[in-house]
Amino acid sequence: MKNRNAETMAQAVIIAMFAVGIMSWSSVPAQVPIHWDAAGQIDAYGSKFTGLLLLPIIALAGYTLIGLTAVFSPAQFQGRAMGALSWFRLAYVLVMAGVFGVIVADVRGANLNMNYVIFPLLAVMMIAIGNLLVQTNKNKSAKTLPPGGGIQA
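Residues numbered from 1 in each chain as written. Predicted model: local features only at pLDDT ≥ 70, side-chain atom pairs only at ≥ 80, totals over all residues. Heavy atoms only, no water.

Here we look at the overall build of the protein
In terms of helices and strands, the protein carries four helices and two strands. Helices and strands appear in the protein in the N-to-C order α-β-β-α-α-α. What you see for the protein is a C-alpha radius of gyration of 19 Å, clearly larger than the 15 Å of a compact globule of 153 residues, by over 25%. Expressed as a percentage of the 153 residues in the protein, the buried residues total 40%. A sequence separation of at least 24 residues applies to 71% of the contacts in the protein between residues at least 6 apart. Charge-centre separation for the protein: the mean point of 9 positive side chains lies 22 Å from the mean point of 4 negative side chains. (Helix = DSSP H or I, 4+ residues; strand = E, 2+ residues; numbered from the N terminus. Rg over C-alpha atoms; globule rule 2.2 N^0.38 Å. Buried < 20%, exposed > 50% of the residue type's maximum accessible area, 1.4 Å probe, protein only. Contact = heavy atoms within 4.5 Å. Lys, Arg positive; Asp, Glu negative; His and termini not counted. Charge placed at Lys NZ, Arg CZ, Asp CG, Glu CD.)

Set out below in structure tokens:
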């Protein structure tokens with residue numbers, strides 16, 4: 001069963017990203033930061049579309065595609081595995097929102113080091129991936145045992 005809290009939070013974050021991008025459109029310069037080096041400093045700029053709308057679009061597309069994995073492989077995503085998939089979808093959206101937030105903050109004059117935002121969010125995503133792997137492996141192992149757990153009398 002999907003985790004409704006994680007799904008609702010992910011959807012709200014995606015909607016907020018689109019809203020902030022649209023509301024910021026007229027007040028940001030034509031060039032916005034879109035890439036950072038290993039030290040977390042800006043090293044490339046792109047158009048307003050790339051910085052303000054492409055990331056929310058990618059977040060929505062990724063959220064949708066990750067959700068489709070359960071449609072194409074329903075046996076693998078039953079019970080707790082479906083809840084773990086919901087949390088992974090949220091973690092993915094949070095990573096995208098973190099990058100988006102740094103872009104918006106930078107165009108508004110803040111000088112943030114991307115590493116301070118992205119590394120903690122990637123750690124959360126790794127935890128979500130680990131949980132998802134554990135839950136899907138539990139489903140696989142439960143399916144490979146014969147009825148009664150393999151105990152014969």
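Next, the rest of the story.
Regarding the packing of aromatic side chains
This model, assessed by the stated rule, comprises zero aromatic pairs. The ring of Tyr63 carries the charged tip of Arg89 above its face, separated from the ring centre by 3.6 Å. (Phe/Tyr/Trp six-rings, centres within 6.5 Å; stacked < 30°, edge-to-face > 60°. Lys NZ or Arg CZ within 6 Å of the ring centre and 35° of its normal.)

A closer look at the pattern of salt bridges
Where charged atoms from two side chains of opposite charge come close, those side chains can pair. Per the counting criterion, the structure on display carries one salt bridge. The salt bridge involving Arg89 is made with Glu7; its shortest N-O contact spans 3.1 Å. Taken together, the residues Arg89 in helix α3 (residues 80-107) and Glu7 in helix α1 (residues 4-24) connect sequence positions 82 residues apart. On the accessibility criterion, Glu7 (5% relative accessible area) is buried. (Salt bridge = Lys/Arg side-chain N within 4 Å of Asp/Glu carboxyl O.)

Thoughts on the side chain of Lys48
Tracing the backbone through its elements, the reader meets Lys48 in helix α2 (residues 48-72). Asp106 provides the closest opposite charge to the buried, unpaired Lys48, separated from it by 17 Å. When neighbours within four sequence positions are excluded, Lys48 is seen to be in contact with Trp25, Val28, Pro29, Ala30, Val32 and Leu53.

Some thoughts on the nonpolar core
Counting residues in each nonpolar core, the largest one holds 38 residues, and the members touching the most others are Met17, Leu55, Phe77, Leu85, Met96 and Val99. Of all the elements in the fold, those that place two or more residues in this core are α1, β1 (31-36), α2, α3 and α4 (114-144). Ranked by residues supplied to this core, first place goes to α3 with 18 residues. Apart from residues no more than four positions distant in its own chain, Phe77 is found in contact with Thr69, Ala70, Met82, Leu85, Leu132, Thr136 and Asn139. (Core = buried A, V, L, I, M, F, W, Y, C linked by side-chain atoms within 4.5 Å.)

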